Amino acid sequence: GTGVKYQLPMNTLLFGHAHTTFRPPLFSQAVDPTTGTDTDLDGERGLSSDIGIRSHLHPGVSAELALFRMDFSNQIVTQSGKLVNAGRTLHEGIESSLNLEWGEFWKPLEGFVSRGNVTLLRAKSLSGATSGKDLTMAPRMTLYGSIGYYHPSGASIELDALYVTRMFSDLQ
């Protein structure tokens, strides 16, 4: 794969990446656990790309926004309770994040940090009887947030939360 970066004024960076991917089936996917027979799955092949912007907006405030796309030619999914090669699939989305270092705004809060992230995803099948359907285990939205305290000695504590919208376990 390859990537490019371009530094803009005011601590802002444009970036982009493009990578080809290959992943053979995992052993747990390639061998049926009940019979020990070969499941006859081919490896996944794909092209992944993203483009985005990352910036330190103000001391203690950084943000990122990125668009991404993953185009697979042979993704492994669950269909009717069985692992199969789904043919062509497409994952497209947008991801954003915001990080705050509270001590930059008010000195008594030195060491407190908050992070937030949202990912919007559209993952769908592009071939066969399932063409146009959402893919398994691919939520449309994921939200993440955390707040933590990082002591200068290296000790830290963090509380985080994750929200995942509904997703399907079977491509039907």
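(A) A look at the overall build of the protein chain. Broken down by element type, the protein chain carries one helix and 10 strands. The C-alpha radius of gyration computed for the protein chain amounts to 21 Å, which surpasses the reference 16 Å derived for 172 residues by more than 25%, pointing to a less compact arrangement than a globule. Dimensions of the protein chain, computed from the C-alpha atoms along their principal axes, are close to 60 × 35 × 25 Å. Long-range contacts, defined as pairs at least 24 residues apart, comprise 52% of the intrachain contacts of the protein chain with a sequence gap of at least 6. Counting every atom, the protein chain has about 11,000 Å² of accessible surface; 61% of that belongs to carbon and sulfur. When the 14 positive and 17 negative side-chain charges of the protein chain are each reduced to one mean point, those points stand 6 Å apart.

(B) Geometry of the sheet that holds strand β7 (residues 89-101). On the basis of which strands lie adjacent, the open sheet formed by eight strands has the order β1-β2-β3-β4-β7-β8-β9-β10 and antiparallel pairing. For this open sheet the edge positions go to β1 (2-8) and β10 (156-164), each flanked by a neighbour on one side alone. Sheet twist, expressed as the mean angle between neighbouring strand axes with direction ignored, is 10 degrees. Examined bridge by bridge, strand β2 (residues 12-23) and strand β3 (residues 44-58) share 12 bridges and lie antiparallel to one another. Of the residues in β3, the one forming a bridge with Leu13 is Arg54.

(C) Representation of a nonpolar patch on the surface within the structure. There is a patch of nonpolar side chains on the surface, built from Trp102, Phe105, Trp106, Phe112, Ile147 and Leu159 and spanning about 620 Å² of accessible area. Topologically, Trp102 is positioned in the loop between β7 and β8 (112-125).

(D) The arrangement of the pattern of salt bridges in detail. Tallying each qualifying case throughout the model produces eight salt bridges. Between Arg54 and Glu64 there is a salt bridge, and its shortest N-O distance comes to 2.8 Å. A residue pair is termed long-range when its members are at least 10 positions apart, and Arg54 in strand β3 and Glu64 in strand β4 (residues 61-72) qualify at 10 residues. Ionic pairing is found between Arg115 and Glu158, a salt bridge with its closest N-O pair at 3.3 Å.

(E) Highlighting the nonpolar core. Core analysis: the biggest nonpolar cluster contains eight residues, these being Phe68, Val77, Val84, Ala86, Leu121, Ala123, Leu135 and Ala138. The contact partners of Leu121, leaving out residues within four places of it in the chain, are Phe68, His91, Glu92, Gly93, Ala138, Pro139 and Arg140.

(F) Local environment of the confidence of the model for the protein chain. On average, residues of the protein chain carry a pLDDT of 89, and 94% of them reach 70 or more. Least confident of the elements in the protein chain is helix α1 (residues 27-30), whose mean pLDDT is 68; most confident is strand β9 (residues 141-150), at 98.

(G) Representation of unusual backbone geometry. Phi angles above zero are rare outside glycine, and Met10 is one such case at about 60 degrees. Mapping Met10 onto the fold places it in the loop between β1 and β2. The backbone of Asn11 sits at a positive phi, close to 55 degrees, despite the residue not being glycine.

(H) A look at the packing of aromatic side chains. Counting across every chain of the model gives two aromatic pairs. Plain terms: the ring middles of Trp102 and Phe105 are 5.9 Å apart, the flat faces sit at 55 degrees to each other, and that makes the pair tilted. The partly exposed category is assigned to Trp102, whose relative accessible area is 30%. Classification of Phe105 as partly exposed rests on a relative accessible area of 41%. Between Phe112 and Tyr149, the aromatic rings sit 4.9 Å apart at their centres with planes inclined by 50 degrees, giving tilted as the arrangement. With Phe112 in strand β8 and Tyr149 in strand β9, this pair connects stretches of sequence that are 37 residues apart.

Calculation notes
- Residues numbered from 1 in each chain as written.
- Predicted model: local features only at pLDDT ≥ 70, side-chain atom pairs only at ≥ 80, totals over all residues.
- Heavy atoms only, no water.
- Helix = DSSP H or I, 4+ residues; strand = E, 2+ residues; numbered from the N terminus.
- Rg over C-alpha atoms; globule rule 2.2 N^0.38 Å.
- Contact = heavy atoms within 4.5 Å.
- Areas by Shrake-Rupley, 256 points an atom, 1.4 Å probe, with all protein chains shown as cover.
- Lys, Arg positive; Asp, Glu negative; His and termini not counted.
- Charge placed at Lys NZ, Arg CZ, Asp CG, Glu CD.
- Pairing = 2+ DSSP bridges.
- Axes fitted to C-alpha atoms, helices over the stretch in contact; angles between N-to-C directions.
- Patch = residues over 30% accessible without salt bridge, like charges linked within 9 Å, V, L, I, M, F, W, Y side chains within 5 Å.
- Salt bridge = Lys/Arg side-chain N within 4 Å of Asp/Glu carboxyl O.
- Core = buried A, V, L, I, M, F, W, Y, C linked by side-chain atoms within 4.5 Å.
- Buried < 20%, exposed > 50% of the residue type's maximum accessible area, 1.4 Å probe, protein only.
- pLDDT = per-residue confidence, 0-100.
- Phe/Tyr/Trp six-rings, centres within 6.5 Å; stacked < 30°, edge-to-face > 60°.

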